[in-house]
Each structure stands twice: as C-alpha cells, then as structure tokens.
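# Coordinate inspection notes
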Amino acid sequence: MAAPTMLLLLADGRFPAGAHAHSAGLEAAVAAGRVTDLATLGGYLRGRLATAGLVAAAFAAAARRAAWSSGRRATLARLDAELDARTASPAQRAVSRRQGRALLRAGRQIWPAATFDDLPVTPGGPHQPLTLGLVGAAAGLDPAQVATVAAHATVTGSASAAVRLLGLDPYQVQALLVRLAGACDATAARAARAAEEPPERLPAAAAPLADIHAEAHATWEVRLFAS
C-alpha cells in the first residue's frame, strides 16, 4: 500500500493536471436552473457519484490492475473502447481525453522512470481514468486507492466550481463534502470490486441529462469553465 501522503497528493486539486479548469457539468446545470443552492448541489453530487463517479473509478481501478499485468496493452485498449462506448456525449469524450493528456504529461514529468507507452494511441489522447490508473501505479497506489482518488475527484471538482458559480459559503460546501464522504468511500469500494471483472462487464451507469448539458455547454462562446 502506498504511503498516505502519495494518495493525498494525487487527490489534491492542485495536482498539475488541469482539473481546476473543469466544473464536471455543473456550469451547465447551474445555467439550466437545476442547481441553485446547497441542497440541489448535494443532489447533483450524489448523482455524479452514482453515475460518472462509479464508471470513472471502476475504469481507473481496472487500468491500475492492468498496469503490471502481462498483455496490459491489449487490456488498456479494451478499456479505452469500453469507456468510449459508455460516454455518449462527444463533448464529454473529448473532455475525458483532454484531461487524460494533461494528466499523462504530469505523470511523465513527475515519474520519469515510469512507462506510459502502453496507453492507447488515439487522436484525442487516452481517457483520463485510464491515465489515472497508470499514474496511480507509478505512485505505488493499489486499485482501491486509485478508485478512491477517482471518486473523490468526481465530487470535489464540482463542489469547488459551485463556490464560484453560485457564491456559496465555502465552509458549507466543505461540510457537504464531509457528509458525502461515506458515499464516496462506498462508490470507490464498489468500483474496486467491479474492476476485477473483464472490461466489457464494468459499470455502465449513465446520466442522459448530463450528456445533453455537456453538448449545450460545448457550444457556448463565453463560459467560466472548460466543461
């Protein structure tokens, strides 16, 4: 098991992978009037955990499991294809790959001895959860810890964006995250168990409204966040 500090460093929003530039769909949800206060933000974050959070955490944990296995290149390619199939919105697919490129760049700089060459070579870059799995391996994290990092990022990014978008009290937002800690841990544990299955059987929880919001957000000429 990796030292706790390494896990904290990867989960830190200040890790130089560009996550601060994304609201994970919250900006569009706020514009649509679906998130207006602390209560509706809580519902939004719970929904994120149950859908995108579970999927991202499972794929990140599965990539971590593949990192030190024989035939990992083929497994990572299957994971990439399966995650693509689970991401219905072209805008969200592009964001995932853009974030994957940014995380890969950080991983190569921070762990120069690690090998990331088995990640699928695609025009947009590797999906972010797959890159997280290999970065987690380089950091010495196990699959359950990688799943925790992924689930944690699902809620903290949007929560941070909510402070800027809605002017919410940051103390109250942090208290909301504390109340969601149990759900976050449970999602990560479920994802880590699911990651033991073949790529084709990994979670496929969907959020169609989030897909619609992502496509609308991508057309905006003026926006505070990239997604």
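Everything below is about the structure printed above this text.
Read on for an overview of the structure. Numbering of residues starts from 1 in every chain and runs along the sequence as written. Selection of residues for local features in this predicted model requires a pLDDT of at least 70, selection of side-chain atom pairs for listing and counting requires 80 or more, and totals for whole chains, interfaces and linings are taken over all residues. To get the side-chain values, take all heavy atoms of the structure and skip hydrogens and water.

## Some remarks on the overall build of the chain
We count a stretch as a helix when DSSP gives it H or I for four or more residues in a row; a strand needs E for two or more, and each element gets its number in order from the N terminus. Check the secondary structure of the chain and you find 10 helices and 0 strands. When the helices and strands of the chain are listed from N to C terminus, the series reads α-α-α-α-α-α-α-α-α-α. Principal-axis analysis of the C-alpha atoms places the extent of the chain at approximately 50 × 35 × 30 Å. Burial statistics for the chain: of 227 residues in total, 47% are counted as buried. With residues, only the protein chains shown are counted as cover, and all accessible areas are computed by Shrake-Rupley using a 1.4 Å probe. Split by element, the accessible area of the chain, about 10,800 Å² in all, is 58% carbon and sulfur. We score Asp and Glu as negative and Lys and Arg as positive, and we do not count His or the chain ends. Charge placement uses NZ in Lys and CZ in Arg. For Asp and Glu, CG and CD serve respectively. Once the 22 positive and 17 negative side-chain charges of the chain are each reduced to a mean point, those two points are 2 Å apart. For every residue, the accessible area (1.4 Å probe, protein chains only) is compared with the maximum for its type, and the residue is labelled buried under 20%, exposed over 50%, or partly exposed between those bounds.

## Examining the side chain of Thr51
Position of Thr51 among the secondary structure elements: in helix α3 (residues 38–67). We define a polar contact as two N or O atoms separated by no more than 3.5 Å, with the added condition that, inside protein, one atom must be a possible hydrogen donor and the other a possible acceptor, whereas residues neighbouring each other in sequence contribute only through side-chain atom pairs. At 2.7 Å, the side chain of Thr51 forms a polar contact with the backbone oxygen of Gly47. Residue contacts are counted whenever heavy atoms from the two residues lie within 4.5 Å of one another. With near-sequence residues (within four places) excluded, Thr51 lies in contact with Ala205, Ala206 and Ala207.

## Focus on helix α6 (residues 128–139)
For α6, with 12 residues, the first-to-last C-alpha span of 16 Å sits near the 16 Å given by 1.5 Å per residue. The buried fraction of α6 is high, at 10 of 12 residues. Turning to α6, its buried residues are Pro129, Leu130, Thr131, Leu132, Gly133, Leu134, Val135, Gly136, Ala137 and Ala139. Those residues of α6 that are buried are in contact with α1 (4–11), α3, α4 (72–86), α5 (90–110) and α7 (143–166). Backbone geometry just downstream of α6 places Gly140 in the positive-phi region, at approximately 85 degrees. Each helix should span, by expectation, one fewer than its residue count multiplied by 1.5 Å.

## Thoughts on the environment of Thr87
In this fold, Thr87 is placed in the loop between α4 and α5. Residue classification places Thr87 among the buried residues on the basis of a relative accessible area of 13%. Beyond its immediate chain neighbours, meaning those up to four positions away, Thr87 contacts Gln92 and Arg93.

## Observations regarding the packing of aromatic side chains
How two aromatic rings sit relative to each other is set out by the distance from centre to centre and by the angle between their planes. Aromatic rings from Phe, Tyr and Trp, taking only the six-membered ring of Trp, are treated as a pair when their centres fall within 6.5 Å; an angle between ring planes under 30 degrees marks them as stacked, one over 60 as edge-to-face, and anything in between as tilted. Considering all chains together, one arrives at 0 aromatic pairs under this definition. We count a charge as sitting over a ring when the NZ of a lysine or the CZ of an arginine lies within 6 Å of the ring centre and within 35 degrees of the ring normal. When the ring centre of Trp68 is taken as reference, the NZ or CZ atom of Arg64 above it lies at 4.3 Å.

## Considerations on the nonpolar core
Remark: nonpolar core denotes a set of buried residues (Ala, Val, Leu, Ile, Met, Phe, Trp, Tyr, Cys) joined through side-chain atoms within 4.5 Å. Among the nonpolar cores identified, the biggest contains 61 residues, and Leu10, Leu26, Leu41, Leu45 and Leu79 are the most heavily contacted of them. Tallying contributions element by element places α3 first for this core, with 15 residues.

## A short note on the side chain of His22
Here His22 shows up in the loop between α1 and α2 (26–31). Judged by its relative accessible area of 11%, His22 falls in the buried class. Among the polar contacts made by the side chain of His22, one reaches the side chain of Ser227 at a distance of 2.7 Å.

## Observations concerning the packing of α6 against α7
Here an angle of 0 to 180 degrees is reported between the N-to-C directions of two axes, which are lines fitted to C-alpha atoms, with helices fitted over the stretch in contact. Where α6 meets α7, the closest approach of the two axes is 10 Å, and the angle between their N-to-C directions is 130 degrees. Looking at the two axes, α6 sits oblique to α7. Between α6 and α7 lies a crossing of right-handed hand. Along the contact surface, α6 presents Leu132, Gly133 and Gly136, while α7 presents Val146, Val149 and Ala150. Any angle from 65 to 115 degrees is called roughly perpendicular, while one under 35 is roughly parallel, one over 145 is roughly antiparallel, and all others are oblique. Whether a crossing is left-handed or right-handed is set by the direction in which the near helix is turned from the far one by less than a right angle, anticlockwise for left-handed and clockwise for right-handed.

## Notes on the pattern of salt bridges
Any carboxyl oxygen of Asp or Glu within 4 Å of a side-chain nitrogen of Lys or Arg constitutes a salt bridge here. Counted under the stated rule, the structure contains 9 salt bridges. Residue Glu200 pairs with Arg78 through a salt bridge whose shortest N-O separation is 2.7 Å. In this pair, Glu200 is assigned in the loop between α9 (181–194) and α10 (208–217) and Arg78 in helix α4, connecting sequence segments 122 residues apart. A relative accessible area of 40% means that Glu200 is categorised as partly exposed. Judged by its relative accessible area of 37%, Arg78 is partly exposed. Between Asp84 and Arg97 there is a salt bridge, with its nearest N and O atoms 3.1 Å apart. Pair noted here: Asp84 is in helix α4 and Arg97 is in helix α5, with a separation of 13 residues, a long-range link. Looking at Arg97, the relative accessible area reads 11%, which means it is buried. Salt bridges sharing common partners tie together Arg72, Arg73 and Asp118.

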